[in-house]
Amino acid sequence: MRCTVKSVFRFIHKSNSHRRLFKAGKATGATSLLKGQVFSGIQPTGVPHLGNYLGALESWVALQDEYSAVMYSIVDLHSITQPQDPQMLRDNIQDMAASLLACGIDPTRAILFQQSQMPQKPFVSEHAELSWILGCLTSMPRLRHLPQWKMKSKQKNEGSVGLYTYPVLQAADILLYKSTHVPVGEDQIQHLELAQDLARIFNNQYGEFFPEPCALLSGTRKVKSLRDPSSKMSKSDPQKLATVFLTDTPDDIVLKIRRAVTDFTSEVTYEPESRPGVSNLVSMHAAVSGQSVEEVVRLAEGMDTGQYKNVVAEAIVQRLQPIRLEIQRLRADRGHLESLLAKGAEKARSLAAPVMTEI
């Protein structure tokens, strides 16, 4: 808890500078980097949506300018806890790699790699090896009480063993690189606590080895569904107009924002409890423009919600247009993406192998 509280205050303190970093696209005036190993992973579910970008990927990019060692993994082993079409999964891995690069992940400042094997390329098998060892130190009741297992197993009626134990693999991903900081959303805090617990259990039995990783909580407001502002924006939403993807065209974005659910009050205000739809638009506008909620509400004075939707759509288009074009460019060169991921895997394995030998 002490680690988490410290990291929260540190993140809040830096939130204004983060906003400037995102706007400029690079650090300005930074003279030294913080020591520590940052690690985070993302499942290859295809092209990210606006909520993924504002909630996680933006902070991932900023962390490259703050910490001396940063690693990001496309965690395809996690993805197969659900049924996958092999070719679609391969395409999704490529799309995710292209999206991360287009958003600003720089392979010269961060290690970007695919968690498992790539065809005829180096692979990082140590993740699965460490997961097994840590699984032998984890009790079944400890996993049974994690909220995502409860939720997902109910949705599937009966979850797989992989789904049950994937938090252990998540802990292995983090601990394998002796990570000190992990950027996570609030819904992943309990999974990070499992990694902290396993680090303590291992250390108590075999001597001080793993640092206990601290959470880096993003201060960005969660982006809600455009059709149901009571739920998060999601790739799996059956309503096509509910989610803005990074590859949406300007026309797509304008249509989705115009159709966003609001209410019968024409004034633009920020009241998340009583006016979740309009407040969601205000949050998105503030996030993509780098302004505060108060600033964008003042700018919207005199507008009705219909006019304001046009302003929000234009701000999102301006922010995502360069990313969309870069994703298109990178998608067209699969060989380049495979080469980057292969080099990242080599770097990751050079760090993982000696740690696994010690373990």
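Residues numbered from 1 in each chain as written. Predicted model: local features only at pLDDT ≥ 70, side-chain atom pairs only at ≥ 80, totals over all residues. Heavy atoms only, no water.

Asks: Could you clarify how one ought to interpret the overall build of the protein in this entry?
Replies: Assigned secondary structure in the protein consists of 14 helices and five strands. Across the 359 residues in the protein, those meeting the buried criterion constitute 48%. Restricting the contact set of the protein to residue pairs at least 6 apart, pairs at least 24 apart contribute 75%. Surface accessibility of the protein: about 17700 Å² in total, with carbon and sulfur atoms responsible for 53%. (Helix = DSSP H or I, 4+ residues; strand = E, 2+ residues; numbered from the N terminus. Buried < 20%, exposed > 50% of the residue type's maximum accessible area, 1.4 Å probe, protein only. Contact = heavy atoms within 4.5 Å. Areas by Shrake-Rupley, 256 points an atom, 1.4 Å probe, with all protein chains shown as cover.)

Asks: Just checking my understanding: could you explain the confidence of the model for the protein for this structure?
Replies: Detailed conclusions should not be drawn from predicted coordinates in areas where pLDDT is low. Per-residue confidence for the protein gives a mean pLDDT of 89, with 86% of residues at or over 70. Every residue in residues 4-30 is under pLDDT 50, and counting partners more than four places away or in other chains gives 32 contacts. (pLDDT = per-residue confidence, 0-100.)

Asks: Just checking my understanding: could you explain the environment of Q307 for this structure?
Replies: In this structure, Q307 sits in helix α13 (residues 305-331). For the pair Q307 and V268, spaced 39 residues apart in the sequence, the C-alpha separation amounts to 9.8 Å.

Asks: How should the pairing of strand β5 (residues 214-217) be read in this particular structure?
Replies: Within a regular strand, the side chains alternate between the two sheet faces. Alternating residues of β5 divide into C214 and L216 and A215 and L217, and every residue in both groups is buried. Relative to β5, strand β4 (residues 181-184) is paired through four bridges, and the arrangement is parallel. Bridging across to β5, H181 finds its partner in C214. Of the crossover connections in this fold, the one passing from β4 over helix α9 (residues 189-206) to the parallel β5 is right-handed. (Pairing = 2+ DSSP bridges. Right-handed = clockwise from strand over helix to strand, strands pointing away.)

Asks: I would appreciate a short explanation of the pattern of salt bridges in the present structure.
Replies: A side chain with one charge can pair with a side chain of the opposite charge if their charged atoms come near. Scanning the model with the defined rule gives 13 salt bridges in all. Here D197 ties to R200 by a salt bridge, and the two come within 2.3 Å at their closest N and O atoms. Of the two residues, D197 and R200 are both situated in helix α9; the distance of three residues between them amounts to about one turn of the helix. Exposure remark for R200: the relative accessible area of 33% places this residue in the partly exposed category. Residues D248 and K256 are paired through a salt bridge, measuring 2.7 Å at the closest nitrogen-oxygen approach. As far as the burial class goes, D248 and K256 line up, both buried. One network of salt bridges, with partners in common, ties together R142, D197, R200 and E212. (Salt bridge = Lys/Arg side-chain N within 4 Å of Asp/Glu carboxyl O.)

Asks: Just to check I follow, could you spell out helix α2 (residues 50-63) for this structure?
Replies: Owing to its 3.6 residues per turn, the α-helix brings residues three or four apart onto one side. Here α2 spans 19 Å end to end across 14 residues, near enough to the 20 Å set by a 1.5 Å rise per residue. Along α2, the sharpest change in direction is near 40 degrees and occurs at A56. A large share of α2 lies buried, amounting to eleven of its 14 residues. (Expected span 1.5 Å × (residues − 1). Bend = angle between axes of the 7 residues up to and from the residue.)

Asks: Can you walk me through the nonpolar core in this structure?
Replies: A general feature of soluble globular proteins is that nonpolar side chains tend to end up buried together. In this structure, L50, Y53, L100, I257, I316 and L320 are the most contacted members of the largest nonpolar core, which totals 57 residues. In terms of residues, this core owes the most to one element, α13, which gives ten residues. Dropping the residues within four chain positions of it, L100 is found in contact with I42, L57, W60, I74, I105 and L112. L130, L134, L175 and I189 belong to the second-largest nonpolar core, a separate cluster that totals 39 residues. (Core = buried A, V, L, I, M, F, W, Y, C linked by side-chain atoms within 4.5 Å.)

Asks: Can you help me understand the packing of aromatic side chains in this one?
Replies: In this description, a pair of aromatic rings is defined by centroid distance and the angle of the planes. Counting across every chain of the model gives seven aromatic pairs. Between F113 and Y177 the ring centres are 6.0 Å apart and the planes differ by 65 degrees, which places this aromatic pair in the edge-to-face class. Here the residue F113 occupies a position in strand β3 (residues 111-114), and Y177 occupies one in the loop between α8 (161-175) and β4, the gap between them amounting to 64 residues. Each member of the pair, F113 as well as Y177, carries the same accessibility label: buried. Consider the rings of F202 and Y206, whose centres lie 4.9 Å apart with planes at 50 degrees: the pair is tilted. Within this pair, F202 and its partner Y206 are both found in helix α9, separated by four residues, close to a single helical turn. Note on F202: relative accessible area 6%, which makes it buried. Residue classification places Y206 among the exposed positions, given a relative accessible area of 55%. Of the aromatic side chains, those joined through ring pairs into one cluster are F202, Y206, F209 and F210. (Phe/Tyr/Trp six-rings, centres within 6.5 Å; stacked < 30°, edge-to-face > 60°.)

Asks: Looking at this structure, I do not really get the pairing of strand β2 (residues 67-74). What am I missing?
Replies: Extensive coverage of β2 is indicated by the burial of six of its eight residues. Pairing geometry for strand β1 (residues 34-42) and β2, over seven bridges, is parallel. Each residue of the ladder has a partner; that of G41, found in β2, is S73. As paired strands, β2 and β3 are joined by four bridges and run parallel to one another. Each residue of the ladder has a partner; that of Y72, found in β3, is L112.

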